[in-house]
Amino acid sequence: MSELCPSILSADFNRLGEQIHLLENEGIKILHIDVMDGDFVPSISFGMPVIRSIRKESGLFFDVHLMVREPIRYIKEFASCGADSITIHLEACSSVAETLQAIHETGCEAGISIKPATPADEVRPYIRDVSMVLVMTVEPGFGGQAYIDACTEKIRRVREIEKEEGADIHVQVDGGINDDTVETVIKAGADYLVAGSSVFKGDLKENACHLRKLMADAESAL
Ligand code: DX5
Ligand code: ZN
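These notes cover the structure that comes with them. Predicted model only: the values in this text are computed from it and were never measured.

Below, the discussion takes up the layout of surface pockets. There is about 280 Å³ of room inside the largest pocket. Lining the largest pocket are 26 residues; nearest its centre among them are G143, G144, D174, G175 and G176. At the level of secondary structure, the elements contributing two or more residues to the lining of the largest pocket comprise β2 (30-36), β3 (61-67), β8 (192-195) and α7 (197-200).

Pasting the structure below:
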């Protein structure tokens with residue numbers, strides 16, 4: 001079954017706890033948490049203190065997306081402040097294998113992510129070592145961008161590689177997910193859909209409910 005993973009990058013940080021509770025009450029299971037370092041991506045978001053603080057109040061699955069250069073330096077800290085899964089970028093690591101190993105040692109689930117220009121086949125060597133592959137559908141760094149159509153084919157390709165390698169993963173998509181793109185990504189094989197602005201802009205409850213309905217409809221038509 002597909003899951004909607006709201007990205008708190010687009011939340012109202014003045015009401016963060018309240019907004020997370022609302023999502024939890026709506027039946028959301030996975031919270032997507034974007035950490036940006038101002039180096040691997042041009043922007044800076046937030047880090048450990050925010051995650052530690054919301055962990056005290058929420059039982060949601062914390063899916064931490066690290067847009068950070070050499071994330072191996074911070075894996076233990078993100079795990080201890082409450083991450084349930086940690087996703088790193090292939091393009092950001094001098095050793096992807098060592099970084100995944102560091103994630104596994106913490107007991108967190110591990111994910112790998114690729115930017116729009118990175119070919120899907122680059123995930124092949126790691127696909128059996130991760131529980132999730134994140135196909136970025138915008139250039140990482142900012143919320144509110146338009147979905148890049150050329151990424152749809154990469155979602156399909158990751159599912160093919162999963163089969164060829166006998167792996168069992170979630171395929172997550174992140175960037176520009178809204179009313180117009182839900183069906184496309186579900187048809188292509190995505191099951192974890194990250195959404196920032198389309199959840200947090202306007203009525204949170206209504207948006208989450210509406211997107212989940214679109215996802216269920218697209219899934220039942222498969
Ligand atoms: C972008 C982040 C996304 C972002 C998506 O670099 O990884 O998670 O919040 O925002 P929307 O859904 O607005 O495109
Ligand atoms: Zn993200």
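Taken as a whole and judged by the stated rule, the model has 15 salt bridges. Residues E18 and R15 are paired through a salt bridge, measuring 3.0 Å at the closest nitrogen-oxygen approach. Ionic contacts of the salt-bridge type, sharing partners, join the residues D121, R124, R157, E160, E164 and E165 into one network.

Another aspect to go through is the nonpolar core. Residues I8 and I88 are the most contacted members of the largest nonpolar core, which totals 65 residues. Here this core takes five residues from helix α8 (residues 204-220), the largest share from any one element. Excluding residues within four positions of it along the chain, I88 makes contact with L66, P71, I75, C93, V96, T99, L100, I103, G111, I112 and S113.

We now examine the coordination of the zinc ion (ligand 2). Protein coordination at the zinc ion (ligand 2): the donors are H32 (NE2), D34 (OD), H65 (ND1) and D174 (OD), at 2.0 to 2.3 Å from the metal. Because the angles between the six donor atoms bound to the zinc ion (ligand 2) fall within 69 to 168 degrees, the donor set is best described as octahedral. Sequence positions of the residues that donate to the zinc ion (ligand 2) give the spacing H-x1-D-x30-H-x108-D. With H32 in strand β2 and D174 in strand β7 (residues 170-174), the pair connects residues that are 142 residues apart, well separated along the chain. With respect to burial, H32 and D174 carry one shared label: buried.

Attention now goes to the site of ligand 1. In the neighbourhood of ligand 1, 20 residues make up the surrounding shell, with D34, G141, D174, G196 and S197 lying closest. In this structure, G141 approaches ligand 1 through a main-chain N or O atom, which is 2.7 Å from an oxygen atom. A distance of 2.7 Å is found between an oxygen atom of ligand 1 and a backbone nitrogen or oxygen belonging to G196. For ligand 1, whose accessible area on its own is 390 Å², the fraction buried by protein is 99%. In a pocket analysis with a 2 Å cut-off to the grid points, ligand 1 is assigned to the largest pocket. Elements with a contribution of two residues or more to the shell around ligand 1: β2, β3 and β8. Here the element with the most residues in the shell around ligand 1 is β2; it accounts for three residues. For the shell around ligand 1, the class distribution of residues is eight nonpolar, 10 polar and two charged.

The next subject is the pairing of strand β5 (residues 109-114). For β5, a buried count of five out of six residues is recorded, marking the element as mostly surrounded by other parts of the structure. As paired elements, strand β4 (residues 85-89) and β5 share five bridges and run parallel to each other. Counterpart to I88 in the pairing with β5 is I112. A crossover links β4 with its parallel partner β5, the connecting element being helix α4 (residues 96-106), and its sense is right-handed. As paired elements, β5 and strand β6 (residues 132-136) share four bridges and run parallel to each other. Bridged to G111 within β6 is M132.

So, about the packing of aromatic side chains. The relative placement of two aromatic rings is captured by the distance of their centres and the angle of their planes. Within this structure, the stated rule accounts for one aromatic pair. When the ring centre of F62 is taken as origin, the NZ or CZ atom of R55, which lies over that ring, is 3.6 Å away.

Our focus in this paragraph is the side chain of H89. Mapped onto the elements of the fold, H89 is located in strand β4. Judged by relative accessible area, H89 falls into the buried class, the value being 0%. Looking at H89, its side chain comes within polar contact range of the side chain of H65, at 3.0 Å. The residues touching H89, leaving out its near neighbours within four places in the chain, are F40, H65, L66, M67, S113, I114, K115, M136 and P140.

The rules behind each value
- Residues numbered from 1 in each chain as written.
- Chains lettered and ligands numbered in written order.
- Predicted model: local features only at pLDDT ≥ 70, side-chain atom pairs only at ≥ 80, totals over all residues.
- Heavy atoms only, no water.
- 1 Å grid on protein atoms, 1.4 Å probe; cavity = no way out; pocket = protein on both sides within 12 Å on 5 of 7 lines; lining within 4 Å.
- Points joined across faces, edges and corners; volume = space filled by probe spheres on them.
- Helix = DSSP H or I, 4+ residues; strand = E, 2+ residues; numbered from the N terminus.
- Salt bridge = Lys/Arg side-chain N within 4 Å of Asp/Glu carboxyl O.
- Core = buried A, V, L, I, M, F, W, Y, C linked by side-chain atoms within 4.5 Å.
- Buried < 20%, exposed > 50% of the residue type's maximum accessible area, 1.4 Å probe, protein only.
- Contact = heavy atoms within 4.5 Å.
- Donors = N, O, S within 2.8 Å, 3.2 Å for Na, K, Ca; no water.
- Tetrahedral: all angles 85-135°; square planar, octahedral: opposite > 155°, others 65-115°.
- Near = heavy atom within 4 Å.
- Polar contact = N/O pair within 3.5 Å; in protein donor to acceptor, adjacent residues only side chain to side chain.
- Areas by Shrake-Rupley, 256 points an atom, 1.4 Å probe, with all protein chains shown as cover.
- Sits in = over half its atoms within 2 Å of the grid points.
- Nonpolar A, V, L, I, M, F, W, Y, C, P; charged D, E, K, R; others polar.
- Pairing = 2+ DSSP bridges.
- Right-handed = clockwise from strand over helix to strand, strands pointing away.
- Phe/Tyr/Trp six-rings, centres within 6.5 Å; stacked < 30°, edge-to-face > 60°.
- Lys NZ or Arg CZ within 6 Å of the ring centre and 35° of its normal.

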